[in-house]
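# Coordinate inspection notes
This is what each chain is made of:
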Amino acid sequence: MRIDIITVVPELLASPLNESILKRAQESGHAEIYVHNLRDYTDDKRRTVDDYPFGGEAGMVMKIEPVYRCIEKLKAERDYDEIIFTSPDGITYNQHEANRLSLMKNIIILCGHYKGIDYRIREHLITREISIGDYVLTGGELAACVIADSVVRIIPGAIGDEASALTDCFQDNLLAPPVYTRPAEFNGWKVPEVLLSGNFAQIEKWQDEQAYSRTKALRPDLIEE
Ligand code: ADE
């Protein structure tokens, strides 16, 4: 899978995209992630990417031309399955959307910034608008990292232990059951007996029950879905 991220602050993306699972997925060829500096697509000396809004409101607006040039250049090189814009007024991101995106071949993520973006970009170039939650970030870069991270880790083969991605929280709309490791007792705090029993049928039953009861207690909305 290939992910092209367009941003005015490429520095913000470097570390999150180049460590741990994302780093390994790129090294093993399961994912390619490219970061494009929007300022490279400007045509003035000051590399301007924003301008005052028509109508005189406060704040700056991302200009249409650099975004158009960058997206059109990428589109001329390959077909894209989705061109995503990160914005607090997009659809709320969740595991279903991550699963859906992980099956795609090429996606672009355009990071929003400033007060907003010339709306014609959203009308004519963007195919999906995604918010990572009902709060406002300084820009869409952190949202792009969240999307890239959650998508790349579930690309088949990207994590060594594939089973572990399938038992993640939210797969099947359930929270994950609790997990424990050695020692079996610490400070008098004991690991549930069943996990030490070696009876895998019993262990699986316990895990299913825990996943269901935790979801019912903490996120009943997931079960209603
Ligand atoms: N940009 C600013 N806030 C955002 C959010 N909550 N989700 C996605 N992009 C954003």
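Residues numbered from 1 in each chain as written. Predicted model: local features only at pLDDT ≥ 70, side-chain atom pairs only at ≥ 80, totals over all residues. Heavy atoms only, no water.

## Thoughts on the overall build of the protein chain
Along the protein chain, the regular secondary structure elements total nine helices and 10 strands. Principal-axis analysis of the C-alpha atoms places the extent of the protein chain at approximately 70 × 40 × 35 Å. Considering the protein chain as a whole, with its 225 residues, one finds that 40% of them fall into the buried category. Counting contacts in the protein chain only where the partners sit at least 6 residues apart, residues at least 24 apart contribute 74% of the total. Of the roughly 13,400 Å² that the protein chain leaves accessible, carbon and sulfur atoms contribute 52%. Averaging the positions of the 25 positive and the 37 negative side-chain charges in the protein chain gives two centres separated by 3 Å. (Helix = DSSP H or I, 4+ residues; strand = E, 2+ residues; numbered from the N terminus. Buried < 20%, exposed > 50% of the residue type's maximum accessible area, 1.4 Å probe, protein only. Contact = heavy atoms within 4.5 Å. Areas by Shrake-Rupley, 256 points an atom, 1.4 Å probe, with all protein chains shown as cover. Lys, Arg positive; Asp, Glu negative; His and termini not counted. Charge placed at Lys NZ, Arg CZ, Asp CG, Glu CD.)

## Observations concerning the site of the ligand
In the vicinity of the ligand, the contacting residues are Thr86, Ser87, Pro88, Ile130, Ser131, Ile132, Gly133, Tyr135, Val136, Leu137, Gly139 and Ala143. A distance of 3.0 Å separates a nitrogen atom of the ligand from a polar atom in the backbone of Ile132. At 3.1 Å, a backbone N or O of Gly133 approaches a nitrogen atom of the ligand. Within the complex, the protein chains bury 97% of what would otherwise be the 260 Å² of accessible surface of the ligand. Elements with a contribution of two residues or more to the shell around the ligand: β5 (82-92) and β8 (128-131). Looking at the shell around the ligand element by element, the count peaks at three residues for β5. A per-class count over the shell around the ligand returns seven nonpolar, five polar and no charged. (Near = heavy atom within 4 Å. Polar contact = N/O pair within 3.5 Å; in protein donor to acceptor, adjacent residues only side chain to side chain. Nonpolar A, V, L, I, M, F, W, Y, C, P; charged D, E, K, R; others polar.)

## Looking at the nonpolar core
Across soluble globular proteins, nonpolar side chains have a tendency to be buried as a group. The biggest cluster of nonpolar side chains holds 29 residues, and the ones touching the most others in it are Ile3, Ile5, Leu17, Leu101, Ile109 and Val152. Taken together, the elements giving at least two residues each to this core come down to β1 (2-7), α1 (11-17), α2 (20-27), α4 (95-102), β6 (106-111) and α6 (141-152). It is α6 that contributes the most residues to this core, six residues altogether. Aside from chain neighbours lying at most four places away, what touches Ile109 is Ile3, Asp4, Ile5, Ile6, Ile84, Thr86, Ala144 and Ile147. Ile6, Tyr80, Phe85 and Leu110 belong to the second-largest nonpolar core, a separate cluster that totals 19 residues. (Core = buried A, V, L, I, M, F, W, Y, C linked by side-chain atoms within 4.5 Å.)

## Some remarks on the sheet that holds β8
On the basis of which strands lie adjacent, the open sheet formed by five strands has the order β2-β1-β6-β5-β8 and parallel pairing. Single-partner strands in this sheet number two, and they are β2 (32-37) and β8. Averaged over all pairs of adjacent strands, the angle between their axes in this sheet comes to 30 degrees, without regard to strand direction. Together, β1, β2, β5 and β6 form the strand contacts of helix α3 (residues 64-77), whose direction differs from that of β1 by roughly 165 degrees. (Pairing = 2+ DSSP bridges. Axes fitted to C-alpha atoms, helices over the stretch in contact; angles between N-to-C directions.)

## A few points about the sheet that holds strand β3 (residues 50-51)
What the three strands build is an open sheet, ordered β3-β4-β7; its pairing is mixed. Pairing within the sheet leaves two strands with one partner each, and these edge strands are β3 and β7 (116-117). Bridge count for strand β4 (residues 61-62) against β7 is two bridges, and the pairing is parallel. Within β7, the position partnered with Val61 by the bridge is Gly116.

## Points about the domain arrangement of the protein chain
Often, the extent of an interface is quoted as the loss of accessible area on bringing the components together. By domain assignment, the protein chain separates into domain 1 (2-152) and domain 2 (172-224). Between domain 1 and domain 2, the C-alpha centre-to-centre distance is 38 Å. (Domains from an automatic or database assignment.)

## Some points on the packing of α4 against α6
One can describe the packing of α4 onto α6 by two numbers: an axis separation of 8 Å at closest approach and a directional angle of 70 degrees. With respect to each other, α4 and α6 are oriented roughly perpendicular. The interaxial crossing formed by α4 with α6 has right-handed handedness. Where α4 approaches α6, its residues Ala98, Leu101 and Ser102 are matched on the opposing element by Ile147, Ser150 and Val151. Of the residues assigned to the contact of α4 with α6, the class counts are four nonpolar, two polar and no charged. (Parallel < 35°, antiparallel > 145°, perpendicular 65-115°, else oblique. Left-handed = near helix turned anticlockwise from the far one by under 90°.)

## Here's the deal with the side chain of Thr215
Within the secondary structure, Thr215 sits in helix α8 (residues 200-218). With a relative accessible area of 0%, Thr215 lands in the buried category. Apart from residues no more than four positions distant in its own chain, Thr215 is found in contact with Asn173, Leu174, Leu175, Pro220, Leu222 and Ile223.

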